[in-house]
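Now for the letters of each chain:
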Amino acid sequence: MHAVYAFVSGPLAWLAFLLFFGGICYRLVRLLWEVNRTEKFIFSYMSWKYSLRSIGRWLIPFGTANWRLHPGLTVATFTFHICLLVTPVFLLSHVVLWDEAFDVSWWTLPDGVADVMTVLVIVCCAYFLIRRLVTPEVKFVTTASDFVILAIVAAPFITGFLAYHQWFAYPVMAIAHIVSGEIMLAAIPFTRLSHMIFSPLTRAYMGSEFGKVRHARDW
Amino acid sequence: MAKAPAKTEPSQALDQGLAVGVARLTPEKIESTIRTVLKSETGARLSTYVETCIHCGLCAEACHYYLSHDNDPHYAPVGKVKQTLWEMIKQKGRVTPEFIEKAAIIAHTECNLCKRCAQYCPFGIDIAYLMLVVRRIIHKLGCTPLYIQDTAHSHSVTMNQMWVKGDEWPDTLQWQEEEAQAEFEDLRIPLDVEGAEIMYSVIAPEPKFQAQLIYQAAAIFHAAGVSWTMPSELGWDNSDMAMFTGDNEIMGRIKRAHYDAAIRLKVKRIVMGECGHAFRSVYDVGNRWLGWEMPPIPIVHAIDFYYELLKEGRIKITKKYPTPITLHDPCNVVRGGGLHEKARYVAHTLCESVVEMTPNREHNYCCAAGGGAINCGPPYKQTRISGNRIKAEQLFAAKTRGAQVLIAPCHNCHSGLHDIVHHYGVGLDIKFFGDLIYELMEKPA
Ligand code: SF4
Ligand code: SF4
């Protein structure tokens, strides 16, 4: 068990972070290179002002017409994304690992809060799953990959929750948690989870087109 | 994935152009055409849109077709992409002729390229662009619906949309000038005046069917003392159906002719009539194809020009229009040009009472005629009408709050709304701003 733990928290973790950061850089560089090669005009329409205006709007809960149209989803998606990003970064037991390995540390969440946020992520994943299964316009465009990416995202939180509470098979759960977290990191640049990288860019482009050329609001 | 519910199909007559085009297709032609367009005419934008879309369905409620078909997911913007482009990409171009026929109908008649969905997708994915890529493929496969293909042919042969022949154009102008001279003795429709302040351009249906609109515009310019001119030869027509059939090459030719006419006449600006799609073409699309970031010469839509004339007091209103009106915001000049506040200034200056329809401004519902849909002709009239019940409901609501006249400052909207108002028995009179200005303005003796 110790050898497995050492492997997943050592070399495998390096690999996951390499794929995550390397993958993001690769996808971004490739995108810019492609745009430059075939659709250079896009650069001439980009505007910092209107990009940030649009992205900013869409980052405000209920700030856009469509967020207001879907209150339940809006609450779920904001809760989900905030907890998803904040919990792993500021979790005490994660920061301890950074501290042990690299002697760096930062502010952490109280464990109780982190626990609640973990549960929120899981609940939101369940909500998204149900929405996929029952909402006609979502169901119609759902593919197998949508369930896979949902599972990839839910897994580290479910396993992390179980491992934290040590309800059963702690060592196995801890390893499952680490592996699933690594899978998620590695999958982000190479699946539709890449919307994490690309959505600010697509929004920025639409915001720029609307602001600069169309003189209209895109929210 | 999950089995889809049956699509609610509007009744639809045979489209001979499409039927013949589809009959000629071979699997090889389909595959190579799709691959060529995807490989050599699209790039990172398309692939990023397709890969970033998280299949959340949040764009659904943006679309009037979706809302009008009781939330049938086939009509959700992303649903249309699934039924067309996703499949083409997934099958690497190996789709059947029947698939192409369906894709042609979806991309041409069940999407108006209105871009409302880009305001509803959290990622700003441009589904109108994706539908245009589908249209481009359909165009290259020779399966464009008959009626709109005919207008593209007309553009190609005559450089105008309506097969207006060379002499018909100046003849029509002269005829309108003579008619108008009965009312304003020294009115002129000045042709080819080099160095005039503005070139006025119209869509070809005006000389063909609605010559009185040219009369009205001439009367307004006359009253305001505008220094204006029209080209007697190529370039007078600002309309552009080639832009909607994916025939970018023809689009480029006709836009170049239009800009060239203005440059030849050494005018300072192009002012165009109350048309939305033409504005999109001249202000936003044609210039890009020809390599200009923005149009080579300032483009002023009629709403903008009327705003200027009224604001500067160059046109005086004898009395305000007493009947309550409601204002339709045409997608191409509002979501495409930000003219909504100016349109309201014009409306409030001209009318005693303006009843807002909801939603309005950038969020207004499309007329379902735009994006070339109405130009696909009679076979798809029902598609437009059943696909825009939500517009009828919106208009009814405005009528309930007192509106009796509907201002639609766009030709396509005008005709599309006419069909909707008529079919659903909404009972609103439809007018252009020009109609009101002509009726209400102080006329020189
Ligand atoms: S009609 Fe408008 S809202 Fe509907 S899919 Fe087309 S562009 Fe989007
Ligand atoms: S709202 Fe955007 S991301 Fe969601 S399904 Fe529609 S196009 Fe895709």
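Keep in mind that what you see is a predicted model, and the values were worked out from it rather than measured. Within any chain, residue numbers begin from 1 and follow the written order of that chain's sequence. Chain letters start at A and ligand numbers start at 1, both assigned in the order the entries are written. For a predicted model such as this one, the threshold for reporting local features is a pLDDT of at least 70, and the threshold for listing and counting side-chain atom pairs is 80 or more; totals across whole chains, interfaces and linings nevertheless cover every residue. Note that water and hydrogens are dropped before the side-chain values are worked out from all heavy atoms of the structure.

Visitor: Just checking my understanding: could you explain the overall build of chain A for this structure?
Guide: Counting its secondary structure elements, chain A contains 12 helices and 0 strands. Listing each helix as α and each strand as β along chain A from the N terminus yields α-α-α-α-α-α-α-α-α-α-α-α. Judged by the C-alpha coordinates and their principal axes, chain A covers about 60 × 40 × 35 Å. Burial here depends on accessible area, computed with a 1.4 Å probe over protein chains only, as a share of the maximum for the residue type. Under 20% is buried, over 50% is exposed, and the range in between is partly exposed. Across the 219 residues in chain A, those meeting the buried criterion constitute 46%. Between two residues, a contact is recorded if the distance between any of their heavy atoms is within 4.5 Å. Contacts spanning at least 24 positions in sequence make up 64% of the contacts within chain A whose residues lie at least 6 apart. Only the protein chains shown count as cover for residues, and the accessible areas themselves come from Shrake-Rupley with a 1.4 Å probe. Accessible surface, chain A as shown: approximately 11300 Å² in total, 76% of it carbon and sulfur. Each charge sign in chain A was given a centre, from 16 positive and 12 negative side chains, and these centres are 18 Å apart. By the criteria applied, helices consist of DSSP H or I runs no shorter than four residues and strands consist of E runs no shorter than two, each listed in order from the N terminus. Neither His nor the chain ends is counted toward charge; the positive residues are Lys and Arg and the negative residues Asp and Glu. For the purpose of locating charges, the reference atoms are NZ of Lys, CZ of Arg, CG of Asp and CD of Glu.

Visitor: Any chance you could explain the domain arrangement of chain B here in plain terms?
Guide: Interfaces are often described in size by the accessible area the parts lose on coming together. All names here are of chain B. By the assigned domains, chain B splits into domain 1 (16–144), domain 2 (151–300) and domain 3 (318–440). Note that the domain bounds were set by an automatic or database domain assignment. Domain 1 and domain 2 are separated by 32 Å when their C-alpha centres are compared. Once two parts are brought into contact, the accessible area they lose, counted with a 1.4 Å probe and summed over both, makes up the buried area. Taken together, the two surfaces of domain 1 and domain 2 that pack against each other cover about 660 Å², and 42% of this comes from carbon and sulfur. Ranking the residues of domain 1 by area buried against domain 2 places Leu-113, Arg-136 and His-139 at the top, with a combined share of 57%. Should a side-chain nitrogen of Lys or Arg be within 4 Å of a carboxyl oxygen of Asp or Glu, the pair is scored as a salt bridge. Across the contact surface, domain 1 and domain 2 share 1 salt bridge. A salt bridge links Glu-249 to Arg-136; the shortest N-O distance between them is 2.9 Å. The term polar contact refers here to a pair of N or O atoms within 3.5 Å; inside protein, the definition further demands a hydrogen-donor-capable atom paired with an acceptor-capable atom, and it admits residues adjacent in sequence only when both atoms are side-chain atoms. In this assembly, domain 1 and domain 2 are joined by 4 residue pairs in polar contact (both at pLDDT 80 or more). Looking at which element gives the most residues to the side of domain 1 that touches domain 2, the answer is helix α7 (residues 127–140), with 4 residues.

Visitor: Hey, could you run me through the side chain of Asn-66 of chain A in this one?
Guide: If you trace the backbone, Asn-66 of chain A turns up in helix α5 (residues 65–69). Within polar-contact distance, the side chain of Asn-66 of chain A engages the backbone oxygen of Leu-58 of chain B at 2.8 Å. Discounting chain neighbours no more than four positions away, the residues touching Asn-66 of chain A are Trp-58 of chain A together with Leu-58 and Tyr-120 of chain B.

Visitor: Is there a simple way to explain the pairing of strand β3 (residues 269–272) of chain B in this structure?
Guide: Residues in a regular strand project their side chains so that they alternate between the two faces of the sheet. All names here are of chain B. Alternating positions in β3 separate into two faces, Arg-269 and Val-271 on one and Ile-270 and Met-272 on the other, with burial throughout. Whether two strands pair depends on DSSP finding at least two bridges between them. Looking at chain direction, strand β1 (residues 198–201) and β3 are connected through 4 bridges and run parallel. Following the sheet pairing, Tyr-200 is matched in β3 by Val-271. Two strands pair when backbone bridges link them, and β3 and strand β4 (residues 299–301) are joined in this way by 3 bridges, in the parallel orientation. Bridged to Val-271 within β4 is Val-300. Consider the strands pointing away from the viewer: the crossover is right-handed when the path from the first strand over the helix to the second runs clockwise. This β-α-β element, β3 to helix α14 (residues 276–289) to β4, shows right-handed connectivity.

Visitor: Even after reading the chapter, I still don't get the site of ligand 2, so can you show me in this structure?
Guide: For this description, a residue counts as near a given molecule or strand if any of its non-hydrogen atoms is within 4 Å of it. Looking at ligand 2, the residues that line it are Cys-53, Ile-54, His-55, Cys-56, Gly-57, Leu-58, Cys-59, Val-78, Cys-121, Pro-122, Phe-123 and Ile-127 of chain B. Three classes are used, and their members are as follows: Ala, Val, Leu, Ile, Met, Phe, Trp, Tyr, Cys and Pro are nonpolar, Asp, Glu, Lys and Arg are charged, and the others, Gly among them, are polar. The class makeup of the residues in the shell around ligand 2 is 10 nonpolar, 2 polar and no charged.

Visitor: Mind showing me how you'd approach the interface of chain B and chain A here?
Guide: On the chain A side, the residues contacting the 51 residues of chain B number 50 residues. Across the chain B to chain A interface the summed buried area is about 4400 Å²; carbon plus sulfur atoms make up 58%. Taken together, chain B and chain A are joined by 6 salt bridges. Arg-27 of chain A is paired through a salt bridge with Glu-51 of chain B; the nearest N and O atoms lie 2.6 Å apart. Across the chain B-chain A interface, the total number found is 30 residue pairs in polar contact (both at pLDDT 80 or more). Within the residue set of the side of chain B that touches chain A, elements represented by two or more residues are α3 (44–52), α5 (77–90) and α14 of chain B. Per-element tally for the side of chain B that touches chain A: the top contributor is α3 of chain B, with 7 residues. Along the lines of polarity and charge, the residues of the side of chain B that touches chain A split into 25 nonpolar, 15 polar and 11 charged.

Visitor: Which parts of the structure should I look at to understand the nonpolar core?
Guide: All names here are of chain B. The biggest cluster of nonpolar side chains holds 172 residues, and the ones touching the most others in it are Ile-100 and Phe-433. Sort the elements by how many residues they give to this core and α7 lands first, with 9 residues. In this view, Phe-433 contacts Glu-274, Ile-303, Tyr-306, Leu-327, Ala-343, Val-346, Ala-347, Leu-350, Ile-407 and Pro-409; residues no more than four positions away in its chain are not counted. Core analysis: the second largest hydrophobic core is formed by 22 residues, Met-357, Cys-367, Ala-408 and Val-426 among them. Nine residue types can take part in a nonpolar core, namely buried Ala, Val, Leu, Ile, Met, Phe, Trp, Tyr and Cys, and a core is a set of them joined through side-chain atoms within 4.5 Å.

Visitor: How do you make sense of the packing of aromatic side chains when you look at a structure like this?
Guide: The geometry of two aromatic rings is summed up by the distance between their centres and the angle between their planes. The rule is short: rings of Phe, Tyr and Trp, with Trp giving its six-membered ring, pair when the centres are within 6.5 Å, and they are stacked under 30 degrees, edge-to-face over 60, tilted in between. Per the counting criterion, the structure on display carries 24 aromatic pairs over all chains. Relative to Trp-236 of chain B, the ring of Trp-169 of chain B lies with its centre 3.9 Å away and its plane at 5°, an arrangement referred to as stacked. Here Trp-169 of chain B, found in helix α9 (residues 168–181), pairs with Trp-236 of chain B, found in the loop between β2 (228–229) and α12 (242–245); they are 67 residues apart in sequence, far enough to count as distant. Judged by centre distance (4.8 Å) and plane angle (15°), the ring pair of Phe-279 of chain B and Tyr-283 of chain B falls under stacked. With Phe-279 of chain B and Tyr-283 of chain B both in helix α14, this residue pair falls 4 residues apart, about one helical turn. For the residue pair Phe-279 of chain B and Tyr-283 of chain B, the accessibility class agrees, reading buried in each case. Each member of the aromatic cluster is reached from another via a ring pair, and the members are Trp-14, Phe-17, Phe-20, Phe-21, Trp-98, Phe-102 and Trp-106 of chain A. For the cation-ring pair, Lys-82 of chain B lies above Phe-140 of chain A, with the distance from its terminal atom to the ring centre recorded as 4.8 Å. Two conditions define a charge sitting above a ring: the NZ of Lys or the CZ of Arg must be within 6 Å of the ring centre, and it must be within 35 degrees of the ring normal. Just above the ring of Tyr-45 of chain A sits the side chain of Arg-288 of chain B; from NZ or CZ to the centre is 3.9 Å.

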